[in-house]
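# Analysis of the macromolecular model
One-letter residues, chain by chain:
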Amino acid sequence: MSRKMLQFTHLHQRQPDKRGAAERRKDFGEISTAFGVPQAGEQASRCEQCGIPFCSIHCPLGNNVPDWLMLVAQDRLEEAYAVSSSTNTFPEICGRICPQDRLCEGNCVLEQSLHGNVTIGAVEKHITETAFTEGWVRPVLPGAESGRSVGIVGGGPAGLAAAEALRRKGHAVTVYDRHDRMGGLLIYGIPGFKLEKDVVERRIRLLAESGVRFETGVEIGGTVTFAELRRRHDAVLIATGVYKAKPLGIAGSELPGVHAALDYLIAQNRRDLGETVAELNAAGKNVVVIGGGDTAMDCVRTAIRQGARSVKCLYRRDRANMPGSKREVAHAEEEGVEFVWMAAPEAIAGKDKAEGVKAVRMHLGMADASGRQSPVAIEGSGFTLASDMVIAALGFDPEDVPALFAEPGLKVSKWSTVETDVALMTSLDGVFAAGDIVRGASLVVWAIKDGRDAAESIHRYVSAKSAQAAE
Ligand code: FAD
Ligand code: SF4
Ligand code: SF4
C-alpha cells in the first residue's frame, strides 16, 4: 500500500503500546511492544519530507531518516532496511535505546511546531525487526581477503561496529574482551527492559558468521600485553569504554550493603542471560540509589523488578536539572520509584553493614561557569533514609589506559580519555581509539559512529601499508 506523505495534519502521533506498569514491573522484558505494519506506515506518513531534515542533522550517524520514512509509508520495507542499514550498524538497537527526545525526534520540525514528532525510533526498530523476520539481515561476506589483520580491544558497540566495517573490507578482525561475553555495556550494562539480551546476541552471532574472531576472557594489559597485540596485528583499535566508578567519597562507603551500580546491573544481566547469581539481589530490601543519571534510573527500575520493599532515588538537584532522560524518570515513577530531590548523601549509617543513608537537603545556589546552578546544603536539615541496600550510581571515569597497557607514550587528556587526531589515530602509530574511551561516558549511537569512522581510517592505514609493501 502506498500512502501519501505529510499526513501530520490529521494523523496523530502514536508511539507503540507500552505494557502497564503493574505488569512490566514483574519481569525484565522490554516495556514497549513493536509497531505492526499499518501503524508503522501511518506514523511514517506523518513526515513532512523536509528539505533540510533536522532529524538527520541531529542523528549522530546522519541517518537518512526522511527517505526511509517514505519507503515505510509505501510499504517498501526491504528498501527501507537497505537505506537505514547503510548508515547504522545496529539500527534495531538505536531504535530502542537512543535518547530520541534529545536527538532525532526532539529536533523533528513537527515537534517544534507542536504537532508531535514523527516516531522515528519506533519506525527504525520496526524496519530492522521486519528485516530480521524476513531474512534480509545477512552476515557480511567480503569479496576478497586483504591479507591484513586488525586487533580490536573491547567488544562494545564501538568495537563491534568497527569489526563489521573492517570485515566488510576483507580484513581479518579479532575482537578481544576481558568479559566472558561480547557486547560491552549492551550486554552487561543496559538492562533487559530497555534492550533484551537476545537482540544483542543475534548481532554477535552474525558477526561471528562474517568471520570476525572473538576472544573472550582476555584482558589486554593483563592476559596479553599491548605490545604483543601490536606485534600480532597491522593496526589496533582501543574501544575499551569507561569503567572507573566515581566514588561516593563519604563515611561508611566501604560497609557491606553498599554496591557499585555496574556490579549490581551485571548481576541482573547475568540472570537474564540464564545464569544463577545469588548475590546482589534487592528482593525484600529497602533500596536507596544515589545519583540522577541514566545508570541510576536503570538501577532503581531493576530493584523494583527484583521485588524490593521500597526504592528511593536520592539526587542533589531537582527534576528539571537531572541529567537522566525525562522519559526514564517517568517510567521509574510509574513503576513505583520514589524520588528524593534536592538532597545529598553525607554518610552511610550503620556499624557492621549499611543501615541507612544520612542526607542533607539542598537548595540551588549561584550558577557556575556552565550556567548550571550549584546545589548548596541547607544547614540543620539532615535526615536519614533507612536502607539495607545502597547503590552508588554517580557515573564513570576512564581507567589509566597508558599504565594498564604499559604504554607511557599513549597520550591522554586531563580527564584521562585517550587523545586522537581527526582520523581517530592515537599518539601511537597504527593505534586508533573510539567510543567512550575517547569521548568519556556517552551514548551507544556515538560509539557506533566512532567505530565506523575508525574503521575507515584503519582501512586507509593498512591499505597504505599494503601498497608500500608492494613497491
Ligand atoms: P563499552 O560498551 O563500555 O565496551 C567496552 C568493552 O571493552 C567492554 O566489553 C569491556 O569489557 C572491554 N574492555 C575494557 N578494557 C579492556 C581490556 N583491557 N582488555 C579487554 N577488554 C577490555 N547509551 C545509550 O545510548 N542509551 C542508553 O539507554 C544507555 N544506557 C546505559 C546504561 C548504563 C547502565 C550504562 C553504564 C551506560 C548506558 N549507555 C546508554 C551508554 C552506552 O552504553 C555507552 O556509551 C556505550 O556502550 C559505549 O560503547 P563503547 O564500545 O565505547 O564501550
Ligand atoms: Fe534517531 Fe538514534 Fe536512529 Fe539516529 S540512530 S535516527 S538518533 S534513533
Ligand atoms: Fe520528517 Fe520530522 Fe525529519 Fe522533517 S524533521 S524530515 S518531518 S522526521
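Under an unreviewed UniProt entry, the name given to the protein is Glutamate synthase subunit beta, and the source organism is Paramagnetospirillum caucaseum. Per its UniProt entry, the protein bears the Cofactor (unreviewed entry) comment "[4Fe-4S] cluster".

### Remarks on the nonpolar core
Judged by nonpolar contacts, the single largest core of 86 residues is most densely connected at Leu-69, Val-72, Ile-152, Ala-162, Leu-237, Ile-238 and Ala-434. Among the elements that make up this core, the one with the highest residue count is helix α18 (residues 444–470) (nine residues). Both of domain 1 (7–134) and domain 2 (149–242 + 398–470) provide at least three residues apiece to this core. If we ignore the near neighbours within four places in the chain, the residues touching Ile-238 are Val-153, Val-401, Val-418, Val-431, Ala-433 and Ile-437. Core analysis: the next-biggest nonpolar cluster, separate from the first, contains 38 residues, Leu-262, Met-342, Ala-354 and Val-390 among them.

### Structural notes on the sheet that holds strand β4 (residues 235–238)
Strand order in the open sheet formed by five strands is β3-β2-β1-β4-β16, with parallel pairing between adjacent strands. At either end of the open sheet lies a strand with only one pairing partner, and these are β3 (213–216) and β16 (431–433). Strand-to-strand twist of the sheet, defined as the mean angle between neighbouring strand axes without regard to direction, takes the value 20 degrees. The sheet contacts of α18 involve β1 (149–153), β4 and β16, and relative to β4 the element is tilted by about 165 degrees.

### Remarks on helix α4 (residues 65–73)
Counting buried positions along α4 gives eight out of nine residues, so the element sits mostly inside the fold. For α4, the complete set of buried residues consists of Val-65, Pro-66, Trp-68, Leu-69, Met-70, Leu-71, Val-72 and Ala-73. Where α4 is buried, its residues touch α2 (37–44), α3 (54–57), α5 (77–87) and α8 (120–134). Asp-75 sits one or two positions beyond α4 and adopts a positive phi of about 60 degrees.

### Here we look at the sheet that holds strand β8 (residues 310–314)
Spatial strand order, β6-β14-β7-β8-β9: five strands in an open sheet with parallel pairing. Of all the strands in the sheet, the pair left with one neighbour each is β6 (258–260) and β9 (338–340). On average, adjacent strands in this sheet sit at an angle of 25 degrees to one another, irrespective of strand direction. Pairing geometry for β8 and β9, over three bridges, is parallel. The residue of β9 that forms the bridge with Leu-314 is Val-340. Along the sheet face, helix α13 (residues 261–272) touches β6 and β14 (389–392) and points at about 80 degrees away from the line of β6. Most of the contacts of helix α14 (residues 294–306) go to β8, to which it runs at about 170 degrees, and overall it touches β7 (286–290), β8 and β14.

### Quick notes on the site of ligand 2
Lining the immediate surroundings of ligand 2 are 15 residues, of which Cys-59, Cys-94, Cys-98, Leu-103 and Cys-104 lie closest. Among the elements that make up the shell around ligand 2, the one with the highest residue count is α8 (three residues). A breakdown of the residues in the shell around ligand 2 according to their chemical character gives nine nonpolar, five polar and one charged.

### Here's the deal with the site of ligand 1
Ligand 1 sits among 36 residues. The nearest are Gly-154, Gly-156, Gly-184, Gly-241 and Gly-435. Only α9 (157–168), β2 (172–177), α14 and α18 provide two or more residues apiece to the shell around ligand 1. Counted by class, the shell around ligand 1 contains 16 nonpolar, 13 polar and seven charged residues. Split by domain, the shell around ligand 1 shows at least three residues from each of two domains, domain 2 (149–242 + 398–470) and domain 3 (247–392).

Reading the values: rules and limits
- Residues numbered from 1 in each chain as written.
- Chains lettered and ligands numbered in written order.
- Predicted model: local features only at pLDDT ≥ 70, side-chain atom pairs only at ≥ 80, totals over all residues.
- UniProt positions renumbered as here; feature names shortened; annotations may be inferred.
- Core = buried A, V, L, I, M, F, W, Y, C linked by C-beta atoms within 7 Å.
- Buried ≥ 20, exposed ≤ 12 C-beta atoms within 10 Å, placed from the backbone.
- Helix = DSSP H or I, 4+ residues; strand = E, 2+ residues; numbered from the N terminus.
- Domains from an automatic or database assignment.
- Contact = placed C-beta atoms within 7 Å.
- Pairing = 2+ DSSP bridges.
- Axes fitted to C-alpha atoms, helices over the stretch in contact; angles between N-to-C directions.
- Near = placed C-beta within 6 Å.
- Nonpolar A, V, L, I, M, F, W, Y, C, P; charged D, E, K, R; others polar.

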